[in-house]
Amino acid sequence: MKVEPAGALVGHIAVPGDKSISHRAVLIGALCEGETHVRGFGRSGDTQSTIDAVRTLGVEVDDISEDELVVKGRGLTPARGLTPAVVDCGNAGTLMRLLAGILAGQRGRFELTGDESLSARPMDRIAEPLNRMGARVTTNPLVVEGSDALHGIEYALPVASAQVKSAVLLAGLNADGTTTVIEPAPTRDHTELMLAAAGARVRRRPSSVSIEPASRLQLGEVEVPGDFSAAAPFIVAATLLSGSDLTIHDVGFNPRRTGLLDVLERMGARMTVFNRRKVAGEWIGDVQVQSAELVATDVTADEVPRLVDELPLFALAAAGARGDSHLTGAAELRVKETDRIESVTNGLRALGVRIRAREDGFEVRGVPARPTGGRMSSDGDHRIAMLAAVAGVTSRQGVEVRDADAVAISFPGFFDLLDSVSRR
Ligand code: S3P
């Protein structure tokens with residue numbers, strides 16, 4: 001797929017429903033009493049894997065339309081149970097890790113499989129706390145033998161990970177006593193917000209969260225905001241292309257997801273968020289982005305979880321900013337869908353960007369000019385495919401994106417939407 005250079009991005013768009021929240025609506029909906037009606041569902045390769053997974057476990061899901069579905073919950077208790085099975089999680093790390101937490105409190109043996117990328121990702125990080133709670137979890141392949149006698153634990157996360165935090169909290173629903181997770185830095189809190197909305201007793205402190213065992217959950221309705229991570233490629237492209245004026249509507253602005261806005265703002269970006277409102281604990285709003293000249297900045301460990309999926313895009317913004325930018329404390333990027341330190345640095349360097357990998361991040365020598373362009377492969381990673389496309393519209397010669405289909409993992413209509421707002 002060749003992405004041609006654009007002059008500017010202009011118009012009004014909306015992006016698909018948030019992937020993190022969509023996964024959780026189906027998984028937590030499966031544990032609820034009665035029906036959960038999900039609107040604004042972000043249908044993609046990953047979230048379809050979640051629907052298929054819960055169906056394999058015996059949960060009925062009715063597709064009403066592309067972005068609307070009804071999950072018919074089986075309730076929380078192991079007695080009503082999910083059917084032991086081999087469950088294919090596809091490419092979805094969130095699915096594999098959150099589901100393992102749910103299955104830890106179910107009776108039976110469950111095997112969770114995935115594609116080549118997912119099979120290579122670290123799962124010890126969930127096995128360890130779930131085993132401490134009384135489940136039997138082994139890795140490679142990931143097998144969960146659940147227990148109906150889990151006990152609550154206090155667990156300090158060795159790495160800042162919302163997926164690990166969520167797995168432990170979900171297991172805590174079926175444990176005896178309180179389960180507490182302590183975070184080294186704040187990570188996305190969609191699980192705790194949704195569990196609280198479903199009636200679970202969740203207690204939040206600045207650097208930890210606790211959950212009490214629950215006997216019933218009920219969500220009823222879930223309204224999924226637009227995915228900030230799907231808006232991010234458009235925000236970066238519009239910032240870099242002079243003359244741009246782009247508004248993205250109904251985007252999720254959960255403060256634990258919007259680190260990219262803070263980083264771009266200190267680089268000099270021109271963005272206005274308006275129509276802010278709160279739905280079931282989640283902030284939603286519209287953002288208008290106009291182009292701006294950027295200056296370099298540094299991103300360090302504390303900030304990383306708030307823009308972990310947007311760090312590839314940060315590299316491109318830094319490439320167009322005056323001065324040297326540094327990312328540190330982001331070793332987690334090495335265990336995403338690809339080793340994103342390698343895929344970002346190798347990919348962008350081939351397009352003429354001056355970027356160098358470090359063990360836990362990268363360094364970018366920015367120049368306020370378009371990169372040359374050329375060829376870049378996604379390596380099968382959806383976020384890298386979108387990075388390559390944004391590099392394409394902001395380049396001089398365009399970018400031939402190899403393995404462009406990978407975008408469908410989170411955002412099937414991405415290329416068409418980008419094209420629809422590109423002025424040439
Ligand atoms: C996610 C958490 C993050 C993020 C991923 C989605 C989630 O992963 O990178 O895309 O939905 O909880 P980690 O928990 O591994 O940091």
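Rules of the game
- Residues numbered from 1 in each chain as written.
- Predicted model: local features only at pLDDT ≥ 70, side-chain atom pairs only at ≥ 80, totals over all residues.
- Heavy atoms only, no water.
- Helix = DSSP H or I, 4+ residues; strand = E, 2+ residues; numbered from the N terminus.
- Rg over C-alpha atoms; globule rule 2.2 N^0.38 Å.
- Buried < 20%, exposed > 50% of the residue type's maximum accessible area, 1.4 Å probe, protein only.
- Contact = heavy atoms within 4.5 Å.
- Areas by Shrake-Rupley, 256 points an atom, 1.4 Å probe, with all protein chains shown as cover.
- Axes fitted to C-alpha atoms, helices over the stretch in contact; angles between N-to-C directions.
- Parallel < 35°, antiparallel > 145°, perpendicular 65-115°, else oblique.
- Left-handed = near helix turned anticlockwise from the far one by under 90°.
- Nonpolar A, V, L, I, M, F, W, Y, C, P; charged D, E, K, R; others polar.
- Pairing = 2+ DSSP bridges.
- Salt bridge = Lys/Arg side-chain N within 4 Å of Asp/Glu carboxyl O.
- Near = heavy atom within 4 Å.
- Polar contact = N/O pair within 3.5 Å; in protein donor to acceptor, adjacent residues only side chain to side chain.
- Domains from an automatic or database assignment.

Trainee: Where do I start with the overall build of the protein in this structure?
Mentor: Across its full length, the protein carries 13 helices and 27 strands. Taking 22 Å as the expected radius of gyration for a compact globule of 424 residues, we find that the protein reaches 21 Å, a close match to that expectation. Projected onto its principal axes, the C-alpha coordinates of the protein cover approximately 60 × 40 × 35 Å. Looking at the 424 residues of the protein, the share that counts as buried comes to 59%. Long-range pairs, those at least 24 residues apart, make up 75% of the contacts in the protein with a sequence separation of at least 6. Accessible surface, the protein as shown: approximately 15200 Å² in total, 47% of it carbon and sulfur.

Trainee: Please clarify how the packing of helix α3 (residues 93-103) against helix α5 (residues 124-132) should be interpreted in this entry.
Mentor: To describe two helices that pack against each other, one gives the angle between their axes and the distance between the axes. Two elements in contact, α3 and α5, have axes whose closest approach is 10 Å; the angle formed by their N-to-C orientations is 10°. Between α3 and α5, the interaxial angle falls into the category roughly parallel. Seen along the crossing, α3 lies across α5 with a hand that is right-handed. Counting all contacts with α3, which are made through R97, A100 and G101, the residues of α5 involved are R125, I126 and L130. Looking at the contact of α3 with α5 residue by residue, the classes come out as three nonpolar, one polar and two charged.

Trainee: I tried to follow the pairing of strand β23 (residues 354-358) on my own but got confused; where do I start?
Mentor: When a strand is regular, its side chains alternate between the sheet's two faces. Strand direction decides the pairing type here: β23 and strand β24 (residues 361-366), joined by five bridges, are antiparallel. Bridging across to β24, R356 finds its partner in E363.

Trainee: I tried to follow the pattern of salt bridges on my own but got confused; where do I start?
Mentor: Pairing of side chains with opposite charge becomes possible as their charged atoms draw close. Inspection of every chain in the model, using the stated rule, returns 36 salt bridges. D18 is the salt-bridge partner of R257, the closest N and O atoms lying 2.9 Å from each other. A residue pair is termed long-range when its members are at least 10 positions apart, and R257 in the loop between β17 (245-252) and α9 (259-267) and D18 in the loop between β2 (8-14) and α1 (19-31) qualify at 239 residues. Among the residues examined, R257 registers a relative accessible area of 3% and is labelled buried. Assessed through its relative accessible area of 3%, D18 is described here as buried. Taken together, the shared-partner salt bridges in this structure form one network comprising R121, R188, D309, E337, R340 and D381.

Trainee: How do you make sense of the sheet that holds strand β5 (residues 68-72) when you look at a structure like this?
Mentor: Within a sheet, neighbouring strands are paired by backbone hydrogen bonds and run either parallel or antiparallel to one another. The strand order across the open sheet built from four strands is β4-β5-β3-β16, with neighbouring strands paired in mixed fashion. A strand with exactly one partner marks an edge of an open sheet, and here the two such strands are β4 (60-65) and β16 (221-223). The average angle at which neighbouring strand axes cross in this sheet is 15°, direction not considered. As paired strands, strand β3 (residues 35-39) and β5 are joined by five bridges and run antiparallel to one another. Residue pairing in the sheet places R39 in a bridge with E68 of β5. Taken strand by strand, helix α2 (residues 45-56) contacts β4 and β5, and its axis lies near 145° from that of β4.

Trainee: Can you walk me through the site of the ligand in this structure?
Mentor: Around the ligand, the neighbouring residues are S20, R24, T94, R97, S161, A162, Q163, R188, V308, D309 and K336. A distance of 3.0 Å separates an oxygen atom of the ligand from a polar atom in the backbone of A162. Separating an oxygen atom of the ligand from a backbone N or O atom of Q163 is a distance of 2.9 Å. In the complex, the protein chains occlude 93% of the 390 Å² of accessible area that the ligand would expose alone. Contributing elements (two or more residues each) for the shell around the ligand: α1, α3 and α6 (162-172). Taken together, the residues that form the shell around the ligand break down as two nonpolar, four polar and five charged. When residues of the shell around the ligand are assigned to domains, at least three map to each of domain 1 (2-16 + 225-423) and domain 2 (19-223).

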